[in-house]
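What follows is each chain in one-letter form.
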Amino acid sequence: MRRALSLARLGVGQTSPNPPVGAVLVKEGIELGSGWHKGPGRPHAEVEALNEAARRYGEGAGKGATMYVTLEPCSTHGRTGPCTTALIRAGIKKVVIGATDPNPSHEGKAESMFREAGIDVIEGIEEPDCQAIIRAFTKVQRSGLPWVIVKSAFGMDGRVTRPSSEGQWLSGDGSREEVHALRGEVDAILTSGKTVRSDNPRLTIRGTSVAAEKEQPLRVVLTSREVGVPEDSHILTDDFRDRTLIYRSRRIECVLRELVSDHGVLTVMVEAGGTLVGQFLDEGWVDEVVFYLAPLITGGDIPAVGGEGAVDLKRRIEMRSCSFNRIGNDVRVRATILRNGNLADT
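Residues numbered from 1 in each chain as written. Predicted model: local features only at pLDDT ≥ 70, side-chain atom pairs only at ≥ 80, totals over all residues. Heavy atoms only, no water.

**Observations regarding helix α7 (residues 173–183)**
Each full turn of the α-helix corresponds to 3.6 residues, which orients residues three or four apart in the same direction. Taken together, the buried positions of α7 are S175, V179, H180, L182 and R183. Projected down its long axis, α7 shows its buried positions confined to an angular sector of 160 degrees, all on one face. In this structure, α7 carries D173 and E177 as exposed residues pointing more than 90 degrees from its buried face. Those residues of α7 that are buried lie in contact with β6 (147–154), β7 (188–192), β10 (267–270), β11 (288–293), β12 (318–327) and β13 (330–339). (Buried < 20%, exposed > 50% of the residue type's maximum accessible area, 1.4 Å probe, protein only. Helix = DSSP H or I, 4+ residues; strand = E, 2+ residues; numbered from the N terminus. Arc of directions from axis to C-beta. Contact = heavy atoms within 4.5 Å.)

**Digging into the layout of surface pockets**
The space that makes up the second largest pocket amounts to roughly 910 Å³. Contributing elements (two or more residues each) for the lining of the second largest pocket: α5 (127–133), α6 (135–143), β6, β12 and β13. Residues of the lining of the second largest pocket, tallied by class, amount to 15 nonpolar, twelve polar and ten charged. (1 Å grid on protein atoms, 1.4 Å probe; cavity = no way out; pocket = protein on both sides within 12 Å on 5 of 7 lines; lining within 4 Å. Points joined across faces, edges and corners; volume = space filled by probe spheres on them. Nonpolar A, V, L, I, M, F, W, Y, C, P; charged D, E, K, R; others polar.)

**Some points on the sheet that holds strand β5 (residues 120–123)**
Either a parallel or an antiparallel arrangement is found when strands of a sheet pair, and the pairing is made through backbone hydrogen bonds. In space, the five strands of this open sheet follow the order β2-β1-β3-β4-β5, with mixed pairing throughout. With one partner strand each, in any of the chains shown, β2 (30–36) and β5 form the two edges of the open sheet. Taking each pair of neighbouring strands and ignoring which way they run, the sheet shows an average axis angle of 15 degrees. Bridging between strand β4 (residues 94–99) and β5 involves four bridges; their strand directions are parallel. Across the sheet, K94 pairs through a bridge with D120, a residue of β5. The strands that helix α2 (residues 45–57) touches are β1 (22–27), β2 and β3 (66–71); relative to β2, the one it contacts most, it runs at about 135 degrees. (Pairing = 2+ DSSP bridges. Axes fitted to C-alpha atoms, helices over the stretch in contact; angles between N-to-C directions.)

**Looking at the environment of R257**
Mapped onto the elements of the fold, R257 is located in helix α10 (residues 252–263). Each C-alpha atom, one on R257 and one on T66, is 39 Å from the other, the two residues being 191 residues apart in sequence. With residues near it in sequence (within four places) discarded, R257 still touches S143, G144 and L145. At 2.8 Å, the side chain of R257 forms a polar contact with the backbone oxygen of S143. (Polar contact = N/O pair within 3.5 Å; in protein donor to acceptor, adjacent residues only side chain to side chain.)

**Here's the deal with the environment of A61**
The residue A61 is located in the loop between α2 and β3 in this model. Classification of A61 as buried rests on a relative accessible area of 14%. Once you skip the residues sitting within four places of it in the chain, A61 turns out to touch K27, L32 and A53.

**Considerations on the nonpolar core**
Of all hydrophobic cores here, the largest spans 49 residues; its most connected members are L25, M67, L87, I92, V95, F114 and Y292. In this view, Y292 contacts K151, S152, A153, F154, S171, S175, E178, V179, L182, I327, V331 and R332; residues no more than four positions away in its chain are not counted. Core analysis: the second largest hydrophobic core is formed by 30 residues, V220, L245, V268 and V277 among them. (Core = buried A, V, L, I, M, F, W, Y, C linked by side-chain atoms within 4.5 Å.)

**A word on the pattern of salt bridges**
Counted according to the given criterion, the structure contains 19 salt bridges. As a salt-bridge pair, E185 and R334 come within 2.9 Å of each other at their nearest N and O atoms. Linking E185 in the loop between α7 and β7 with R334 in strand β13, this pair joins segments that are 149 residues apart in sequence. Overall, R334 belongs to the buried group, its relative accessible area being 18%. For E253, the salt bridge identified is with R257, shortest N-O distance 3.0 Å. Taken as a pair, E253 and R257 lie in helix α10 at a separation of four residues, close to a single helical turn. With relative accessibility at 22%, the residue E253 sits in the partly exposed group. Overall, R257 belongs to the partly exposed group, its relative accessible area being 34%. (Salt bridge = Lys/Arg side-chain N within 4 Å of Asp/Glu carboxyl O.)

**Here we look at the packing of aromatic side chains**
Taken as a whole and assessed by the stated rule, the structure comprises one aromatic pair. Its end group placed over the ring of W36, K38 keeps NZ or CZ at 3.9 Å from the ring centre. (Phe/Tyr/Trp six-rings, centres within 6.5 Å; stacked < 30°, edge-to-face > 60°. Lys NZ or Arg CZ within 6 Å of the ring centre and 35° of its normal.)

**Considerations on the side chain of R332**
Within the secondary structure, R332 sits in strand β13. Among the polar contacts listed, one links the side chain of R332 to the side chain of E178, at a separation of 2.9 Å. When sequence neighbours within four positions are dropped, the list of residues in contact with R332 reads E178, V290, F291, Y292, S323, F324, N325 and I327.

**A few points about the pairing of β4**
Counting buried positions along β4 yields five of six residues, so the element is predominantly enclosed. Two strands pair when backbone bridges link them, and β3 and β4 are joined in this way by five bridges, in the parallel orientation. Bridge pairing in β4 links M67 to V95. Of the crossover connections in this fold, the one passing from β3 over helix α3 (residues 83–89) to the parallel β4 is right-handed. Crossover connection from β4 via helix α4 (residues 109–116) to parallel β5: handedness right-handed. (Right-handed = clockwise from strand over helix to strand, strands pointing away.)

Honestly, it's all geometry; don't read function into it.
Following this line, the structure appears as C-alpha cells:
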C-alpha cells in the first residue's frame, strides 16, 4: 500500500475533478503491474496496473492476483468504465483498499460487489495517509467547497512591507523555488485586485520541479473595482491569459463554489496581501497554511495576516499536523487548521 501511495502522489494536482489514486498488482510476492490516475478521462489507477501487467506478462496475468489500491474502486460508469467490473473480469483474487470513496455514488459499494463475485476484500490499510492524499476531493464531495491553502512569506515581525527600491521578495531563492512545486499541487491560485495592481504577479508554475503534464493553475482575482486589473498585467497578456478569471464584488463563498461546480477545482491556493488573507481566515474558508518565515525585520504597516482577528483566546485559530523545514535561511511551516477540535477535513 505504501508503494501505491507513492504512485498516487505523482498525480496530485493533475487529476481534478477526480482524486489522485495509486494501485499495485501483486501475485506470489511479485509486482505484476502498477499505475496511477493521470488525469480526467484517462484510465484509473487499477486499470493502469492491469494494463501494465498484460503488457509485461500477457493477457490474463491478473487472474489470482491481489490488487492494492489507495481508494475504493469506483462502481459506476463515468468517462471510463467502473473499476469494480474491470477487476472482477480480470479474475482478481483479493482487493486491498486504503480509503473508502467519499463520493456517495461509490461509497462502500465495492466491497459487496467483490464479495458477491468471490473476491476477498481487506479495507483500511494505511488509511490515514490514503485519506490525507484525497482530502481535497473529500471536502468537495461533502461540502461543495474546495480545499483552501493560504501561502505567505513574511519577516520575523510578521510584516510583508519592503521599500519599492528593494523589490518584492522577502524569502530566499530556495523558498521561491519550492512555491512553484506547491503551485503544482493546486488547481487555482487566488489573489486580490490590489495585489495584481501593486505587484503584477504572474502566478504561474515555473522551473522543473513540476511534471510537464501539469496544466497551469487557474488565476483567480477578487476585486471590488469595476476595473480592478490593469489591461497590461501579466495575467491578462501572457500565454496563459485564458486561464485568468476575474470576479468583481462577489462573496468568497460564491466564488469558491463556482470554481468547484464550473471549473472542476479541488484545491485553491491564496497568494495575496494581509487583508484578503485575514478575511479568508476570519470567515473560516482556510484549511491549510504554508508560511515562509524570513530572517528579516521589515517594519511597516502591512501585516501578513490582517482581518478582524479573534476577539479572545477561545476563538483563536489553532493548527495541527505542523511540519517545519529549513530552506536556506528561511523556515517553512505547513499546518492544517483545527476547527471545533477537529482538523479541517469537511
